[in-house]
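Results of the structural survey
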Amino acid sequence: MKVNPARFLSDLHALRQFGASGVGKGIVRPAYSEADVAARAWLAGRFKEAGLNVHYDPMGSLFGLADGPSILLGSHSDSQPEGGWLDGALGVIAALEVARAAKEAGGPAVSVVSFQDEEGRFGVTTGSTVWSGALSLEEADKLTDRTGVTLAQARESMALMAGDFVDPAQFSGFIEMHIEQGPWLDQAGDVVGVVTDIVGIRDMRITFEGEQNHAGTTPMHLRKDAFQALGAFNALIAERFQNVVTPQTVWTIGHVKLHPDAHSIVPGRATFSMQWRDGDANRLARMEDVIRRAAHDVAEARELEVTFGPMLGLEPVAMDAKSRGALEASAQALTEGRWRLMPSGALHDATNVAQHMPVAMLFVPSINGISHAFEEDTLEVDLVKGLEVLAGAIERLG
Ligand code: GLV
Ligand code: MN
Ligand code: MN
């Protein structure tokens, strides 16, 4: 099988034009946005040209299906509100190129997928979570984005194209190529990472409800300031996590909405995202305990109310030994030893797909470890090396 690097890079750059941010190579292509739907339509055309059968499922996940049984490759083409050009897109275009090269070589049969809403506008890897059966479409439809739009409303933009869910039984396995999104390959000078495990995640919204009042006349000791409560909560969990977490554990408050969001008003309400990730499900549970207690303690001490939204999550998942072995052998043959085994601290659709079939992942370096930012980038020579390692693994798996 001979992949075509020029064709691969040309398609990768073409995809970047959909939702181009105008800042470096960055993109703004959140799930179901105009740019996302247009990018999927363009991808569908490329899949068709490659001889694949185009199919959208009810979530808007786009498949390019080979005839009969096949191996599935891919990732996602939606982005974060401010995203890089490779996060997800790389895995989709690499899959397309391997599907084309495999067809030209007379096999094996390769199908391609771009899952919808991997970046969690509505949940956490929403499209593949629903496909995996872990969340029903009916339940998912009630999820809201940061602005209150429901998934049911957003899905309407793709309703005309949607068919049924694809039967996973036709796939022998799934391999997702992705950028690392962290610093380790770049720092070590390695060109490929073969993933051992993907961490687990928990994610929910928390709201402190205090008392809205005048910012000039309300004495400090009489305030029920929802933002001050959030500040105290943030400090308290960091303190209480000390005996629970490891250096690999991470937690993030990435979205905060204050009401009414004005300079001269003591905020009466603070709604914020609380997300935490670790490779150990027990630790995730202990962290949840700390978070809920800390929020209650802060609310009680400051006479506010606290409420918790639904908790979303994915369990930690180990990669399939055989598929991983094919990636390791391919990396060993093609990188002169410049590859390593590593866990994934980022989430991926592979976690959900693992419910149905063997999965594996490979990473290429992220320059300076930057991702979920317009500056995200990877050397083209590394992108092509990763593509070749992926193709080599598919040949080995037959
Ligand atoms: C997915 O991009 C993640 O948040 O890890
Ligand atoms: Mn991604
Ligand atoms: Mn991402």
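Presented here is an overview of the structure given in this document. (Residues numbered from 1 in each chain as written. Chains lettered and ligands numbered in written order. Predicted model: local features only at pLDDT ≥ 70, side-chain atom pairs only at ≥ 80, totals over all residues. Heavy atoms only, no water.)

Taken together, the protein ligands of the manganese ion (ligand 2) are H76 (NE2), D87 (OD) and H178 (NE2), with distances of 2.0 to 2.2 Å. The two metals, the manganese ion (ligand 2) and the manganese ion (ligand 3), are separated by 3.5 Å and share D87 as a common coordinating residue. Here the residue H76 occupies a position in strand β3 (residues 70-76), and H178 occupies one in strand β5 (residues 171-179), the gap between them amounting to 102 residues. Given a relative accessible area of 0%, H76 falls into the buried group. (Donors = N, O, S within 2.8 Å, 3.2 Å for Na, K, Ca; no water. Helix = DSSP H or I, 4+ residues; strand = E, 2+ residues; numbered from the N terminus. Buried < 20%, exposed > 50% of the residue type's maximum accessible area, 1.4 Å probe, protein only.)

What follows deals with the site of ligand 1. With respect to spatial proximity, the complete set of residues near ligand 1 consists of E118, E119, R277, A346, L347 and H372. Contact distances for ligand 1 include 2.8 Å between an oxygen atom and a side-chain N or O atom of E119. Contact between ligand 1 and L347: an oxygen atom at 2.7 Å from a main-chain N or O atom of the residue. Protein contact buries 90% of the 190 Å² of open area that ligand 1 shows by itself. Residue classes in the shell around ligand 1 are distributed as 2 nonpolar, 1 polar and 3 charged. (Near = heavy atom within 4 Å. Polar contact = N/O pair within 3.5 Å; in protein donor to acceptor, adjacent residues only side chain to side chain. Areas by Shrake-Rupley, 256 points an atom, 1.4 Å probe, with all protein chains shown as cover. Nonpolar A, V, L, I, M, F, W, Y, C, P; charged D, E, K, R; others polar.)

Following the criterion strictly, the structure yields 12 aromatic pairs and no others. Residues W131 and F171 carry aromatic rings whose centres are separated by 6.3 Å and whose planes lie at 65° to one another, so their mutual orientation is edge-to-face. On the criterion of sequence distance, the pair formed by W131 in helix α4 (residues 126-132) and F171 in strand β5 is long-range, its members being 40 residues apart. Both residues of the pair, W131 and F171, belong to the buried class. Each residue in the set F63, F115, W131, F171 and F174 is aromatic and connected to the rest through ring pairs, giving one cluster. (Phe/Tyr/Trp six-rings, centres within 6.5 Å; stacked < 30°, edge-to-face > 60°.)

This paragraph deals with the pairing of β3. Across the 7 residues that make up β3, a large majority, 7, are buried. Pairing of β3 with β5 involves 3 bridges; the strand directions are parallel. In the strand pairing of β5, L72 is matched with F174. Strand direction decides the pairing type here: β3 and strand β4 (residues 110-115), joined by 6 bridges, are parallel. Residue pairing for β4: I71 is matched across the bridge by V110. Running through helix α3 (residues 89-104), the crossover from β3 to the neighbouring parallel element β4 is right-handed. (Pairing = 2+ DSSP bridges. Right-handed = clockwise from strand over helix to strand, strands pointing away.)

On to the pattern of salt bridges. With the rule as written, the count across this model stands at 23 salt bridges. Among the salt bridges present, the one from K142 reaches E139, with a minimum N-O distance of 2.8 Å. Residue classification places K142 among the exposed residues on the basis of a relative accessible area of 54%. Overall, E139 belongs to the partly exposed group, its relative accessible area being 41%. A salt bridge links R292 to E288; its shortest N-O distance comes to 2.8 Å. On the criterion of helical spacing, the pair formed by R292 and E288 is a turn pair, its members being 4 residues apart in helix α9 (residues 281-302). Of the residues examined, R292 reaches a relative accessible area of 26% and is grouped as partly exposed. (Salt bridge = Lys/Arg side-chain N within 4 Å of Asp/Glu carboxyl O.)

Once that is clear, we can look at helix α8 (residues 226-240). Under the 1.5 Å per step criterion, the end-to-end length of α8 is 21 Å for 15 residues, consistent within 8% with the ideal 21 Å. For α8, the complete set of buried residues consists of A226, A229, L230, F233, L236 and I237. Angular distribution of buried residues about the axis of α8 spans 130°; they occupy a single face of the element. As for α8, its buried residues are in contact with β7 (200-209), β9 (250-252), β10 (256-259), β12 (269-278) and α9. (Expected span 1.5 Å × (residues − 1). Arc of directions from axis to C-beta. Contact = heavy atoms within 4.5 Å.)

This part takes up the coordination of the manganese ion (ligand 3). Taken together, the protein ligands of the manganese ion (ligand 3) are D87 (OD), E119 (OE), E119 (OE) and H372 (NE2), with distances of 2.1 to 2.4 Å. Mapping the donors of the manganese ion (ligand 3) onto the primary sequence gives the spacing D-x31-E-x252-H. Given the relative accessible area of 7%, D87 is considered buried.

Where helix α1 (residues 5-15) contacts helix α12 (residues 380-397), the two axes come as close as 11 Å, and the packing angle between them is 115°. As α1 packs across α12, the resulting crossing turns out to be right-handed. Where α1 approaches α12, its residues P5, F8, L9, L12 and H13 are matched on the opposing element by E380, L383, V384 and L387. Among the residues making up the contact of α1 with α12, the classes are represented as 7 nonpolar, 1 polar and 1 charged. (Axes fitted to C-alpha atoms, helices over the stretch in contact; angles between N-to-C directions. Left-handed = near helix turned anticlockwise from the far one by under 90°.)

Taking 1.5 Å per residue as the helical rise, α12 with its 18 residues ought to reach 26 Å, and the 26 Å between its terminal C-alpha atoms agrees with that figure. Three or more residues of α12 are buried, namely D382, L383, V384, G386, L387, V389, L390, A391, G392, A393 and I394.

Along the chain, T218 turns up in the loop between β8 (213-214) and α8. The exposure class of T218 is buried, given its relative accessible area of 9%. At 3.4 Å, the side chain of T218 and the side chain of N213 are in polar contact. For T218, the contacting residues outside a window of four places in its chain are N213 and R223.

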